[in-house]
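An overview of the molecular structure
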Amino acid sequence: GKRVLFMTNNATKTPEKVVQEFASFGVSVAPVEVMTSSIAAASYLEAKGLRGSKVYVVGMDSLAHELQRRAGVETFGAQADTGKSRE
């Protein structure tokens with residue numbers, strides 16, 4: 001058979017949450033079959049050798065958490081900076 005993978009640009013959902021959403025539709029999916037934009041970003045940072053580096057996150061806290069967990073980076077910004085301006 002063919003292998004099917006699921007991709008989403010929603011950085012706020014973990015693969016486990018995507019699996020739960022598919023399950024609610026009666027579709028069986030494993031977390032390893034799901035690629036999110038946060039996983040892609042973490043893979044990129046890790047491939048660039050940035051483990052242990054500080055990374056400013058423009059996005060939700062869930063993105064920051066995944067980057068910390070998967071790429072081993074220290075994050076700042078994220079939702080803590082919501083509403084801030086350069087002025």
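Above this text sits the structure in question.
As the structure is a prediction and not an experimental result, all values here were calculated from the model.

Core analysis: the largest hydrophobic core is formed by 11 residues, namely Ala 11, Ala 42, Leu 45, Val 55, Val 57, Leu 63, Ala 64, Leu 67, Ala 71, Val 73 and Ala 78. Looking at this core, the elements with two or more residues in it are helix H2 (37–47), strand E3 (54–57) and helix H3 (61–71). With four residues, the single largest contributor to this core is H3. Every residue in contact with Ala 78, bar those within four places of it in the chain, is listed here: Val 57, Gly 59, Met 60, Asp 61 and Ala 64.

Two measures define how a pair of helices packs: the angle their axes make with one another and the distance between the axes. Their axes nearest at 9 Å, the elements H2 and H3 cross at an angle of 40°. When the axes of H2 and H3 are compared, the pair comes out oblique. The chirality of how H2 crosses H3 is right-handed. Packed against H2, whose contacting residues are Ser 38, Ile 39, Ala 41, Ala 42, Leu 45 and Glu 46, the element H3 presents Leu 63, Glu 66, Leu 67, Arg 70 and Ala 71 at the interface.

Of note in this structure, Ala 78 is not a glycine but carries a positive phi near 55°. Of note, Ala 78 is situated in the segment after strand E4 (74–77). For Ala 78, a relative accessible area of 9% corresponds to the buried category.

Regular strands have side chains that alternate between both faces of the sheet. Here E3 shows a buried face lined by Val 55 and Val 57 and an unburied face lined by Lys 54 and Tyr 56. With H3 bridging E3 and the parallel E4, this β-α-β connection has right-handed handedness.

Conventions and cut-offs
Residues numbered from 1 in each chain as written. Predicted model: local features only at pLDDT ≥ 70, side-chain atom pairs only at ≥ 80, totals over all residues. Heavy atoms only, no water. Core = buried A, V, L, I, M, F, W, Y, C linked by side-chain atoms within 4.5 Å. Buried < 20%, exposed > 50% of the residue type's maximum accessible area, 1.4 Å probe, protein only. Helix = DSSP H or I, 4+ residues; strand = E, 2+ residues; numbered from the N terminus. Contact = heavy atoms within 4.5 Å. Axes fitted to C-alpha atoms, helices over the stretch in contact; angles between N-to-C directions. Parallel < 35°, antiparallel > 145°, perpendicular 65-115°, else oblique. Left-handed = near helix turned anticlockwise from the far one by under 90°. Right-handed = clockwise from strand over helix to strand, strands pointing away.

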